[in-house]
Amino acid sequence: MQTNTLTIGEAITRFGVQVDDHLSREATIPVLTGAQAQGDTLILPAPDQVPATTPIPAMGVAVVRGEVGGNTHLLLPGGFFDAGPTIQDGTDSLVLGKLTVPQGSVVYQAHPEHGYAGIGAGTYTVSRQREQADVIRMVQD
Amino acid sequence: MAEKITELTPEQEAALEPHRDMWLDIGLSTERANRTEAEAGAREAYTIAGLDQPEAVIWLDSPMEGAIGAWMLASSLAEEAAAGTIAIESRPSIMSLTDTDCDERYPEVWERIMAVIGRDKDYPTFSEVWAGTTPSARNGAKSAIREQVRSAAYGQHDAGWLSFNDYFRVVVPVEGTEKLSGLIRVAKSCGWWWPFDRAIILTERPTALHLDPQQRLHNADGPAIEYADGFALYSWHGTRVPVEMIRGEWDTTRILQEPNAEVRRSAIERLGWDEFVVEAKLEQVGEVMDDPGNPGCTIALYDVPAVIYDEPVRVLICTNGTTERGGTRRKFGLTTPVECATPLEAAAWGYNVSPEVYATLQRRA
């Protein structure tokens with residue numbers, strides 16, 4: 001755990017990204033350096049990868065965009081994110097991109113229904129989830 | 001034969017995405033029709049086609065009303081023609097305008113364009129409305145009405161092919177595409193329409209249209225597309241379904257009687273997999289396991305026979321890592337290949353990681 005952890009309420013104040021009002025504003029957002037899932041996205045440590053180099057802009061990066069702007073998984077500034085390929089036909093990678101959080105920094109990923117995920121220093125892949133239908137399709141949460 | 005276009009300039013290429021977005025907005029618009037502009041566009045199309053101007057313009061509220069109105073108008077015109085009071089075809093050759101032979105002139109850039117617009121190319125919305133109107137017309141009246149569905153001009157729902165030609169009309173431009181300007185004005189202004197010799201039937205756009213994030217028609221709680229006269233289509237992630245299914249009136253017995261596999265699958269999703277596995281007495285595969293990163297919750301895997309899902313799959317029943325309003329946690333099902341032998345393998349397959357990696361999950365929110 002980092003010393004500068006935030007509660008959900010503090011994160012909303014800092015980043016201006018609202019989450020559902022039944023999620024407790026006092027709850028501390030865990031900052032993790034291991035694998036964690038937020039809805040249909042998976043953040044997975046990738047220590048062997050070359051670090052990402054594209055700064056996450058002040059507005060954040062939508063790694064998975066939801067319906068009419070809602071339910072977007074939004075990576076917030078504080079690190080680097082290189083967007084990668086998305087799935088084309090089920091045989092390709094599910095990787096959405098590569099995230100690097102510098103030493104001393106924390107990157108938060110926000111989602112209206114799932115709240116905030118805190119990601120500590122390191123390099124990660126961000127992937128999305130699939131399911132088996134006639135053709136493999138993406139999970140919509 | 002004019003010179004072939006083999007590549008786009010950087011400026012022309014930069015115009016692709018805004019052009020695509022503009023036409024998506026046109027195709028999906030639920031604004032009220034711009035009636036003045038639609039009528040002017042239709043009249044322009046008549047002029048370009050070398051036809052006399054129509055005397056009457058009739059506005060109706062939906063493709064269904066339009067198809068019925070067109071059938072009535074075509075019938076009365078046919079009667080007049082039979083009686084010798086008019087000696088003209090009941091339908092002018094407006095659609096001959098669409099024969100621009102421009103397509104042959106830019107095949108080389110087609111692939112490039114598809115690469116740019118590719119992520120939106122599966123746009124079934126328009127064809128769904130078409131498919132929705134056809135069987136409803138069959139149920140509602142005579143097959144003659146269905147024929148009017150086929151002979152309509154689709155206005156905003158012509159966005160697919162018109163956008164392509166409009167790009168070459170406005171951005172490049174290619175000679176010959178200017179013939180489409182009247183049709184394009186109509187497409188930008190209203191819904192389906194029917195050109196006749198002495199009259200035009202024009203129809204309104206939908207009043208509401210709902211899509212899922214993959215841009216398929218979808219509404220879990222009501223019509224996915226709705227017109228002012230009440231004509232509506234119900235759709236579950238792009239699969240057209242009966243209204244009773246969307247209203248939640250289908251039980252497991254009714255779901256299993258459904259002959260259409262796509263509709264059956266949609267109905268299972270609508271009911272909820274966690275309920276369905278119990279109701280349909282699906283066989284459990286492997287042991288129930290703790291859900292990594294989701295303390296106090298478990299994951300369980302069930303066999304879904306081919307008779308239910310049109311190919312054998314398994315379904316992983318999970319519990320959401322985040323509480324709902326009211327403090328409950330939503331259960332949901334994720335379908336996986338039959339090769340997944342345990343709940344952990346199935347959960348790992350969903351993210352394309354190994355079970356060992358998935359087991360290290362520290363938090364599942």
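Residues numbered from 1 in each chain as written. Chains lettered and ligands numbered in written order. Predicted model: local features only at pLDDT ≥ 70, side-chain atom pairs only at ≥ 80, totals over all residues. Heavy atoms only, no water.

Q: In this structure, what is going on with the confidence of the model for chain B? I would like to understand it.
A: Parts of the model with low pLDDT should not have their predicted coordinates read in detail. Residues and elements named next belong to chain B. Counting all residues, the mean pLDDT for chain B is 81, and 80% of those residues have values of 70 or more. Within the model, pLDDT remains below 50 along residues 86-93, and this stretch shows 22 contacts once partners closer than five positions in the same chain are excluded. For residues 135-142, every residue scores under 50 in pLDDT, and the model assigns this stretch nine contacts once sequence neighbours within four places are set aside. Among the prediction metrics, the complex's ipTM stands at 0.87, with pTM recorded as 0.68. (pLDDT = per-residue confidence, 0-100. Contact = heavy atoms within 4.5 Å.)

Q: Whenever I open this one, the pairing of strand S3 (residues 41-45) of chain A confuses me. Can you help?
A: In summary, the side chains of a regular strand alternate between the two faces of the sheet. Residues and elements named next belong to chain A. Within S3, four of the five residues are buried, which leaves the element mostly enclosed by the surrounding structure. Looking at chain direction, strand S2 (residues 36-38) and S3 are connected through three bridges and run antiparallel. Across the sheet, glutamine 38 pairs through a bridge with threonine 41, a residue of S3. Connecting the antiparallel pair S2 and S3 is a turn made up of two residues, with glycine 39 showing a positive phi of about 55 degrees. Examined bridge by bridge, S3 and strand S10 (residues 122-128) share five bridges and lie antiparallel to one another. Note that in S10 the partner of leucine 44 across the bridge is threonine 125. (Buried < 20%, exposed > 50% of the residue type's maximum accessible area, 1.4 Å probe, protein only. Helix = DSSP H or I, 4+ residues; strand = E, 2+ residues; numbered from the N terminus. Pairing = 2+ DSSP bridges.)

Q: Is there a simple way to think about the sheet that holds strand S10 (residues 298-304) of chain B in this case?
A: Two modes of strand pairing occur in sheets, parallel and antiparallel, and in both the strands are linked by backbone hydrogen bonds. Residue and element names in this part refer to chain B. Ordered by their spatial adjacency, four strands build an open sheet running S9-S10-S11-S12, and the pairing between neighbours is antiparallel. With partners counted over all chains shown, the strands left at the sheet margins are strand S9 (284-290) and strand S12 (331-336), one partner each. When strand polarity is set aside, the average angle formed by the axes of neighbouring strands in this sheet is 20 degrees. Taken together, the four bridges between S9 and S10 define a ladder with antiparallel strand orientation. Across the sheet, residue methionine 289 finds its bridge partner in S10, namely isoleucine 299. (Axes fitted to C-alpha atoms, helices over the stretch in contact; angles between N-to-C directions.)

Q: How do you make sense of the sheet that holds strand S1 (residues 56-60) of chain B when you look at a structure like this?
A: Residue and element names in this part refer to chain B. Within the open sheet, the three strands sit side by side as S1-S3-S2. Their pairing is mixed. Pairing within the sheet leaves two strands with one partner each, and these edge strands are S1 and strand S2 (193-195). Neighbour-to-neighbour, the strand axes of the sheet open up by a mean angle of 15 degrees, direction not taken into account. Sheet topology places S2 next to strand S3 (residues 199-203); three bridges connect them, and they run antiparallel. Residue pairing across strands places proline 195 opposite isoleucine 200, the latter belonging to S3. Packed onto the sheet, helix H3 (residues 35-48) meets S1, S2 and S3 and runs at close to 135 degrees relative to S1.

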